[in-house]
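# Structural overview for review
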Amino acid sequence: MQKPLPPGQYDVHEFPRFGLPRFAHRFPKQVDRIELQILGDVEKPAIASAELETLSRVEQVSDFHCVTTWSCRSLRWSGYLFSDFLERIAVPRARPVDDAWLILFCGQDGYRASLPLEDLLHGDVLLADRLNGLPLTLEHGAPIRLIAPAHYGYKNVKHLSRIEFHRNERTYRPAAYRFMDHPRARVSFEERGGGIPGPVLRYLYRPFVRPTISRFRKAMRKDIGH
Ligand SMILES: Nc1nc2c(c(=O)[nH]1)N[C@H]1C(S)=C(S)[C@@H](COP(=O)(O)O)O[C@H]1N2
Ligand SMILES: [Mo]
């Protein structure tokens, strides 16, 4: 039995490439090698690459919920637990300051989003490099992306290239307008954006779903030939 959909969501049966319109034509340059910079309020900036493979691989089936109201269910991700990455690689290598509480994720396409460290310690938060048994494609975040299923899709940064530790919230800007970025964006509480109630945003966002999917698909066809 499937879990019921969270408030305001509807099912799509094909997982679309999606994002903010201005990212439709931006693609990652490096897809066959994972390179994660670890920066921000750290004692020693570091880069994690092959050492990720020393972490235990985990598989997870979860539902993906975009803030614009579409959901794609039962996706089978594989990768590394974020908490494991933190404990075994990021903390010992980069030594973040003790009061860093906010993590900023940046993609090779310039996209970025943040989540409180506390939300990232749950056992369902992954750095995922495989989907449904295959390496991540360009559509879905090659070579590695964040998967935080309890949070709206816009926090699930694709094409990860940089993870920053912060003690101060104002040291970065979100990729979207502030009203579109809720600090936690938990799907179960319908935290779609900052300031505007979630149920109101449903109606504002829904008309953009189809045009955005088609824009991202066309960009893929034109730029990459897929
Ligand atoms: N690097 C990057 N990550 C991103 C985005 C993006 O444009 N670029 N869009 C976000 C949004 S709004 C959503 S809904 C999901 C979409 O993931 P998908 O393209 O795998 O469906 O990625 C999120 N992460
Ligand atoms: Mo989204």
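Described below are features of the structure shown in this document. Treat the numbers as computed from the prediction; the structure is a model and nothing was measured. Position numbers for residues count from 1 along each chain, tracking the sequence in the order it is written. Chain A is the first chain written and ligand 1 is the first ligand written, with later ones labelled in order. Restriction of local features to residues with pLDDT of at least 70 applies here, the model being predicted, together with a cutoff of 80 or more for giving and counting side-chain atom pairs; totals for whole chains, interfaces and linings are based on all residues. In computing side-chain values, all of the structure's heavy atoms are included and hydrogens and water are not.

## A look at the site of ligand 1
Definition in use: In these notes, residues near a molecule or strand are those with any non-hydrogen atom within 4 Å of it. Whenever two N or O atoms come within 3.5 Å, that pair is a polar contact, provided that in protein one can donate a hydrogen and the other can accept it, and provided that, for residues adjacent in sequence, both atoms are side-chain atoms. Residue-level accessible areas treat just the shown protein chains as cover; the underlying method is Shrake-Rupley with a 1.4 Å probe. All amino acids are sorted into three groups, where Ala, Val, Leu, Ile, Met, Phe, Trp, Tyr, Cys and Pro are nonpolar, Asp, Glu, Lys and Arg are charged, and the leftover types, Gly among them, are polar.
Taken together, 20 residues lie near ligand 1, and Pro-16, Asp-109, His-140, Arg-145 and Lys-158 sit nearest. In the model, an oxygen atom of ligand 1 is placed 2.8 Å from a nitrogen or oxygen of the Arg-145 side chain. Protein contact buries 97% of the 530 Å² of open area that ligand 1 shows by itself. Residue classes in the shell around ligand 1 are distributed as 10 nonpolar, 5 polar and 5 charged.

## What to know about the sheet that holds strand E6 (residues 102-107)
This is how it is decided: In this description, strands pair whenever DSSP reports at least two bridges between them. To qualify as a helix, a DSSP run of H or I must reach at least 4 residues; to qualify as a strand, a run of E must reach at least 2; elements of each kind are numbered from the N terminus. Axes, fitted as lines to C-alpha atoms, cover a helix only where it is in contact. Angles between the N-to-C directions of the axes lie from 0 to 180 degrees. The contact criterion used throughout is that any non-hydrogen atoms of two residues lie within 4.5 Å.
One open sheet holds the 5 strands; their spatial order is E3-E2-E11-E6-E7, and the pairing between them is mixed. Each edge of the sheet is formed by a strand with only one pairing partner; in this case those strands are strand E3 (46-48) and strand E7 (112-116). Strand-to-strand twist in this sheet, taken as the mean axis angle between neighbours without regard to direction, amounts to 25 degrees. When strand E2 (residues 36-40) meets E3, the two strands line up antiparallel, connected through 3 bridges. Note that in E3 the partner of Leu-36 across the bridge is Ala-48. Each of E2, E3, E6 and strand E11 (160-166) touches helix H1 (residues 82-94); the most contacted strand, E3, lies at about 145 degrees to it.

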